[in-house]
Amino acid sequence: MSDTPSEFKSKSENPVPSDSRLPRPNNNRQGAAKIALITLFGLGATWFAAQQALTSRFSSETGPNGLDSLDIKGLKPQLISGHVVKTLEQFSLTTQEGGQYHVADPNHIIDSIAKQRGIQGDLYDMNDVRIKGVISQVGNYGHLGRYERQIIVTGKV
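Residues numbered from 1 in each chain as written. Predicted model: local features only at pLDDT ≥ 70, side-chain atom pairs only at ≥ 80, totals over all residues. Heavy atoms only, no water.

## A word on the environment of Thr 94
Here is step 1 of the chain: Relative to the helices and strands, Thr 94 is located in strand 2 (residues 91-95).
Here is step 2 of the chain: Separated by 10 residues in the primary sequence, Thr 94 and Val 84 place their C-alpha atoms 6.6 Å from one another.
Here is step 3 of the chain: In this view, Thr 94 contacts Gly 82, His 83, Gly 99 and Gln 100; residues no more than four positions away in its chain are not counted. (Helix = DSSP H or I, 4+ residues; strand = E, 2+ residues; numbered from the N terminus. Contact = heavy atoms within 4.5 Å.)

In C-alpha cells, the structure reads:
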C-alpha cells in the first residue's frame, strides 16, 4: 500500500476513465451514411413520382375511340395475355411467349378482373389474363429494376 492520502487514491485509482478519455464515434462515417441514405430515399421518391406521373398520363389521355387511340411517341395500347402475379414486392405479367413485364395498373383494372374471378384479397396469382396495355421503352422497372419493360394497363378485353 502506498502512503498517499485516501482523497488522492480515489481520484487516481478510479477504474472508469472520465468522459474526455472515452473513444468517440467516427462522426465522418455516420455523416456519410446519413447522406447516402437520404440520397437513396430522394432518388427512390423521385423515380416513384415519375412513374406515377407517366402512368396517370397514359391512363387519362383519350382520343375519339377512348384509350385505343392513345398514341404518345408511337406507343399504342396492345392486346396482351398471360400469367399475372401480384405479391408485396412484385406485380408482373408473363406472356405465353415468355416475355416478362412489370405491371403498372393505376386504375386497378387487373384487381377488378381478380375480384370478378372470385379472388379475395390484394395478392394473387392468375392465369389467362387478357388486358390492353402500353408497353414501355426498355429500362429498369419494378422491384429493384428487375424487369426490362413495363406494361401500363389501359383496359380489359
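That covers the picture; the talk isn't over yet.
## Things to note about the environment of Arg 130
Here is step 1 of the chain: Here Arg 130 is to be found in strand 4 (residues 124-135).
Here is step 2 of the chain: Each C-alpha atom, one on Arg 130 and one on Leu 79, is 7.1 Å from the other, the two residues being 51 residues apart in sequence.
Here is step 3 of the chain: With sequence-adjacent residues up to four places away left out, Arg 130 is seen in contact with Ile 80, Ser 81, Ile 113, Lys 156 and Val 157.

## Remarks on the pairing of strand 1 (residues 78-86)
As a general feature of sheets, a regular strand has side chains that alternate between the two faces.
Here is step 1 of the chain: The pairing of strand 1 with strand 4 spans eight bridges and is antiparallel. Looking at strand 4, one finds that Val 84 is bridged to Met 126.
Here is step 2 of the chain: Pairing between strand 1 and strand 2: five bridges, direction antiparallel. Opposite Gly 82, over in strand 2, you have Thr 95 as the bridge partner. (Pairing = 2+ DSSP bridges.)

## Side note on the pairing of strand 2
Here is step 1 of the chain: Extensive coverage of strand 2 is indicated by the burial of four of its five residues.
Here is step 2 of the chain: Count of turn residues in the strand 1/strand 2 antiparallel hairpin: four residues.
Here is step 3 of the chain: In the sheet, strand 2 pairs with strand 3 (residues 100-104) via three bridges, with the strands oriented antiparallel. When the bridges of strand 3 are listed, Ser 92 appears paired with His 102.
Here is step 4 of the chain: Joining the antiparallel neighbours strand 2 and strand 3 is a turn of four residues, in which Gly 98 adopts a positive phi near 100°. (Buried < 20%, exposed > 50% of the residue type's maximum accessible area, 1.4 Å probe, protein only.)

## Overview of the sheet that holds strand 3
Here is step 1 of the chain: If you walk around this closed barrel you meet the five strands as 1-2-3-5-4, and the pairing is mixed. Averaged over all pairs of adjacent strands, the angle between their axes in this sheet comes to 55°, without regard to strand direction.
Here is step 2 of the chain: Packed onto the sheet, helix 3 (residues 109-116) meets strand 1, strand 2, strand 3, strand 4 and strand 5 (150-156) and runs at close to 145° relative to strand 4. (Axes fitted to C-alpha atoms, helices over the stretch in contact; angles between N-to-C directions.)

## Points about helix 3
Here is step 1 of the chain: Every buried residue of helix 3 is listed here: Ile 109, Ile 110, Asp 111, Ile 113 and Ala 114.
Here is step 2 of the chain: Of the surrounding secondary structure, the elements contacted by the buried residues of helix 3 are strand 1, strand 2, strand 3, strand 4 and strand 5.
Here is step 3 of the chain: Phi turns positive one or two residues past the end of helix 3, at Gly 118, with a value near 85°.

## Let's talk about unusual backbone geometry
Here is step 1 of the chain: Positive phi, close to 55°, is recorded for His 108, a residue that is not glycine.
Here is step 2 of the chain: Tracing the chain through its elements places His 108 in the loop between strand 3 and helix 3.
Here is step 3 of the chain: The exposure class of His 108 is partly exposed, given its relative accessible area of 48%.
Here is step 4 of the chain: One non-glycine residue, Leu 144, lies in the positive phi region at around 60°.
Here is step 5 of the chain: Take Leu 144: it is sitting in the loop between strand 4 and strand 5.
Here is step 6 of the chain: Residue Leu 144 is classed as exposed on the basis of its relative accessible area, which comes to 77%.

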